[in-house]
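Take a look at the letters that make up each chain.
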Amino acid sequence: MIDPEALELIASSPEPRDELVEGVIRGLERSTLVVGASEVRRCERWLELVGGDGGGVRSPPKRASLKPPSPLGFAEPPSSAPTMPSPSPGEYSPPKTGASERVGLEISIGDPAGGLGIFRPQTGPRAPGLVRLGDPELDGRLIPAWAAKFGPGSELSARGLPSSGSSSPVGVGLPIPPEVDSEPFCLEGLSDITGRSTCIGEYQDFIRYFRDRYSRIREILSGRLNARPIESLRRDVAGREISIIGMVMEVRTSAKGNRVVELEDPSGMVTVIFSKGAPGSEEVETLVPDEVVGVTGTTDGKGRFFGKTLVRPDLQARSLIATGEGGALLLSDVHVGSTYFVEDAWERFIEWVRGETDDPLGISSKVRYAVIAGDLVDGIGIYPGQEADLAIKDIWEQYERAAELVSEIPDRIKIVISPGNHDVVRQAEPQPALPDSLRNLFKKNVTFVGNPATFRLGGVDWLVYHGRSIDDLVLKIPGLSYGEPEKAMVEMLKRRHLSPIYGNRVSIAPEVEDLLVIKRPPAVLHSGHVHTVGMARYKGVTAINSGTWQGQTDFQKKMNIQPTPAIVPYLDLSTMRARRLIFA
Ligand code: D5M
Ligand code: FE
Ligand code: ZN
């Protein structure tokens, strides 16, 4: 594999590049897995090309402009603090916010205290457009015998559960369908980058990539506002209400506390000013670089645009996108090979899913699917000093062990595996599925997809995305935290993009089509990466972050990241009700 920076160095060298490439390959150690920039820089041919100074160090590429290089744009505003028109009250309604919350029911399975089923319905204010998953009023009531055992407050409704009144725990001893060793299983409606990557990563590729992102999101927005090209604003009459759709280049706060947003479309750029404290300004506070938004407002005819309403390509409000059939387990961040992998908890999970332990709600027999949203193994060379955290130091052995652990899941369950930043595929997103050589280690009930990937599972549209962008979103959007990853996932949905911010943690491969755009709202948005479980329903989409199987690493301790290992979200696709199954 080749690191994007190394590739960029090679691509930046004059043609023909064969000699350089051959030189780099000659200089590699046999065990090299990823060719980094240092391998290129120490190559003799490179030193000849850069004049022996070992230079050529470039900062990561800034986002390519949507605009052709010649300035077509709107006149730049004067640098003095702008004077704002006072917004007349009642002129517009603020966009609805949909803040997220941690929701869900927790079931502790096989915990040492012998408590099979500790239910802790979480409470909290309900945000607009957001339905609590696993809400007692939506969820099943515990059968009386169990309710009695768990005391007051543990009574939950019984809809969706086998008949109540039985004194034996529902599900224990239920027959499990026979295991079938079927044909390799084929995913319906799969869309990902696997086998379709064409980009080289040249500057022109980035321009094309960002234009594609812009036009895809513009299409969603254009049904909601009648936007004009930014370039045409300079011919416009002051005071008339106009709409534009642009990609955010920069957001800042002026000395007076107004939000100043540089907005760009393929025709030009404009500075948009949102006045402090105006209705809807909370939404403006959450603007991030590179997202595509619509703005309605007025121009002063002198190069400034006063934003009144910010329009996001947000989903239309609805209660549920779809329901399907069967139950699904949502997993991610197994980190096989890490010394922190919680193998004993995994074994408890396996015993449960195989029907070998008590299962008060009879869930294990209903499981038909399992999706792993990246970081199946811990990988090697992912962060400095990782070696000390590895129980298995060979990447192939990590996958061999992962295949063994996954094969303990009954064959009747269809398993989908998507990669993450610890897996052995390119780091730049979209990532392709694991290579054939590794897939062959797994059984026929396992299928492999890229990151992100959309497919149909149990009759509903699933969107799996590892979630590396959550690191960027948590940093940039006020109110987000690692403890509530579902809120960051809601922010992706509002922006119709899985990784709106360019150039920070997530490196993006500028493919012809921006596969990170959320074209159609999925029934399920499934992420991982941040190692904390979170669930929310937002405008009909069930958003779940599936946590991890890795205990807190030293690094995470230093960063104050508190993982929630060995908790598995279970989603009943027929009702879209979710539960947390606790194997910790
Ligand atoms: O990421 C697991 C979690 O740890 C995720 O929340 C990001 C965080 N993390 C991982 N590496 C770093 C660095 N280098 N800086 C800051 N935060 C980090 P995973 O992808 O499983 O390692
Ligand atoms: Fe991870
Ligand atoms: Zn990760």
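Residues numbered from 1 in each chain as written. Chains lettered and ligands numbered in written order. Predicted model: local features only at pLDDT ≥ 70, side-chain atom pairs only at ≥ 80, totals over all residues. Heavy atoms only, no water.

1. Details of the overall build of the protein
- Looking only at helices and strands, the protein features 13 helices and 19 strands.
- Taken across its 584 residues, the protein has 55% of its residues classed as buried.
- Taking the intrachain contacts of the protein between residues at least 6 apart in sequence as the baseline, contacts between residues at least 24 apart amount to 71%.
- Carbon together with sulfur atoms contributes 52% to the accessible area of the protein, which is approximately 24,500 Å² in total. (Helix = DSSP H or I, 4+ residues; strand = E, 2+ residues; numbered from the N terminus. Buried < 20%, exposed > 50% of the residue type's maximum accessible area, 1.4 Å probe, protein only. Contact = heavy atoms within 4.5 Å. Areas by Shrake-Rupley, 256 points an atom, 1.4 Å probe, with all protein chains shown as cover.)

2. Overview of the pattern of salt bridges
- For the structure on display, the rule yields 31 salt bridges.
- We note a salt bridge from R196 to E513, for which the minimum N-O separation is 3.3 Å. Residue R196 is found in the loop between β3 (188-191) and α6 (203-222), and its partner E513 is found in the loop between α12 (485-495) and β15 (524-527); the two are separated by 317 residues along the sequence.
- Classification of R196 as partly exposed rests on a relative accessible area of 39%.
- Between E513 and K519 there is a salt bridge, and its shortest N-O distance comes to 3.7 Å.
- We classify K519 as exposed; its relative accessible area is 52%.
- When salt bridges that share partners are traced, they join E283, E291, R312, E491, K494 and R495 into one network. (Salt bridge = Lys/Arg side-chain N within 4 Å of Asp/Glu carboxyl O.)

3. Details of the coordination of the zinc ion (ligand 3)
- Every protein donor of the zinc ion (ligand 3) is listed here as D375 (OD), N421 (OD1), H466 (NE2) and H529 (ND1), and their distances to the metal cover 2.2 to 2.3 Å.
- All donors of the zinc ion (ligand 3) come from a single chain, and their spacing in sequence reads D-x45-N-x44-H-x62-H.
- The distance between the zinc ion (ligand 3) and the iron ion (ligand 2) comes to 3.2 Å, with D375 serving as a donor to both metals. Here N421 is found in the loop between β11 (414-418) and α10 (436-439), whereas its partner H529 is found in the loop between β15 and β16 (533-538), with 108 residues between them in sequence. (Donors = N, O, S within 2.8 Å, 3.2 Å for Na, K, Ca; no water.)

4. Remarks on the nonpolar core
- Counting 66 residues, the largest nonpolar core has F455 and W462 as the members making the most contacts within it.
- A total of 7 residues in this core trace back to one element, the largest contributor, which is α6.
- F455 has contacts with L187, E188, G189, L190, V371, V416, V449, V460, D461, W462 and V464, leaving out every residue within four places of it along the chain.
- Core analysis: the next-biggest nonpolar cluster, separate from the first, contains 43 residues, I350, L376, I409 and V446 among them. (Core = buried A, V, L, I, M, F, W, Y, C linked by side-chain atoms within 4.5 Å.)

5. A closer look at the coordination of the iron ion (ligand 2)
- Surrounding the iron ion (ligand 2) are the protein donor atoms D333 (OD), H335 (NE2), D375 (OD) and H531 (NE2), at 1.9 to 2.3 Å.
- Going along the chain, you hit the donors of the iron ion (ligand 2) in the pattern D-x1-H-x39-D-x155-H.
- A relative accessible area of 1% means that D375 is categorised as buried.
- Classification of H531 by relative accessible area gives buried; the value is 3%.

6. Observations regarding the side chain of D423
- As for its placement among the helices and strands, D423 is situated in the loop between β11 and α10.
- Here D423 occupies a buried position and makes no salt bridge, while the nearest side chain of opposite charge, R468, is found at 11 Å.
- Here the side chain of D423 touches D375 through a polar contact of 2.8 Å, landing on its backbone nitrogen.
- At 3.4 Å, the side chain of D423 forms a polar contact with the backbone nitrogen of L376. (Lys, Arg positive; Asp, Glu negative; His and termini not counted. Polar contact = N/O pair within 3.5 Å; in protein donor to acceptor, adjacent residues only side chain to side chain.)

7. Regarding the pairing of strand β13 (residues 453-457)
- Every second residue of β13 is oriented toward a common face, the buried set being A453, F455 and L457 and the non-buried set T454 and R456.
- Relative to β13, β3 runs antiparallel, the two being bridged by 2 bridges. Following the sheet pairing, E188 is matched in β13 by R456.
- As defined by bridge partners, β13 adjoins strand β14 (residues 460-464) across 5 bridges and the pair is classed as antiparallel. Within β14, the position partnered with R456 by the bridge is D461. (Pairing = 2+ DSSP bridges.)

8. What to know about the pairing of β14
- With 5 of 5 residues buried, β14 lies mostly within the body of the structure.
- Where burial is concerned, the two faces of β14 agree: the one with V460, W462 and V464 and the one with D461 and L463 are both buried.
- What sits between β13 and β14 in their antiparallel hairpin is a turn of 2 residues, with G458 showing a positive phi close to 55 degrees.
- Where β14 lies against β15, 3 bridges are found, and the strand directions are parallel. From the neighbouring strand, L463 faces β15, where its bridge partner is L525.

9. A look at unusual backbone geometry
- Following E429, the chain continues into P430 via a peptide bond in cis, with omega recorded as 0 degrees.
- The topology assignment puts P430 in the loop between β11 and α10.
- Here the amide bond leading from N451 into P452 is cis, since omega sits at 0 degrees, within 30 degrees of zero.
- You will see that H335, though not glycine, has its phi angle at about 55 degrees, which is positive.
- By the element assignment, H335 lies in the loop between β9 (327-331) and α8 (343-353).
- Even without a glycine there, the phi angle at D375 is positive, about 55 degrees.
- Note that D375 resides in the loop between β10 (367-373) and α9 (395-407).

10. Looking at the site of ligand 1
- Near ligand 1, the surroundings consist of 15 residues, among which H335, N421, H422, H529 and H531 are the closest.
- One nitrogen or oxygen atom from the side chain of N421 is found 2.8 Å from an oxygen atom belonging to ligand 1.
- A distance of 2.8 Å separates an oxygen atom of ligand 1 from a polar side-chain atom of H531.
- Here ligand 1 has 470 Å² of accessible area as a free molecule, and 82% of this is covered by the chains.
- Among the elements that make up the shell around ligand 1, the one with the highest residue count is helix α13 (residues 554-559) (3 residues). (Near = heavy atom within 4 Å.)

11. Here's the deal with helix α2 (residues 18-26)
- By the burial criterion, the buried members of α2 are L20, G23 and V24. Angular distribution of buried residues about the axis of α2 spans 100 degrees; they occupy a single face of the element. Exposed side chains of α2 directed beyond 90 degrees from the buried face belong to D18, E19, I25 and R26. (Arc of directions from axis to C-beta.)

12. A few points about the sheet that holds strand β7 (residues 292-299)
- Pairing is mixed around the closed barrel formed by 5 strands, whose spatial order is β4-β5-β6-β8-β7. This sheet shows a mean twist of 55 degrees between the axes of neighbouring strands, independent of strand direction.
- With 6 bridges connecting them, strand β4 (residues 241-253) and strand β5 (residues 259-265) associate as antiparallel partners. Each bridged residue has a counterpart across the sheet, and for T253 the counterpart in β5 is R259. (Axes fitted to C-alpha atoms, helices over the stretch in contact; angles between N-to-C directions.)

Don't take any of this as a statement about function, it's just geometry.
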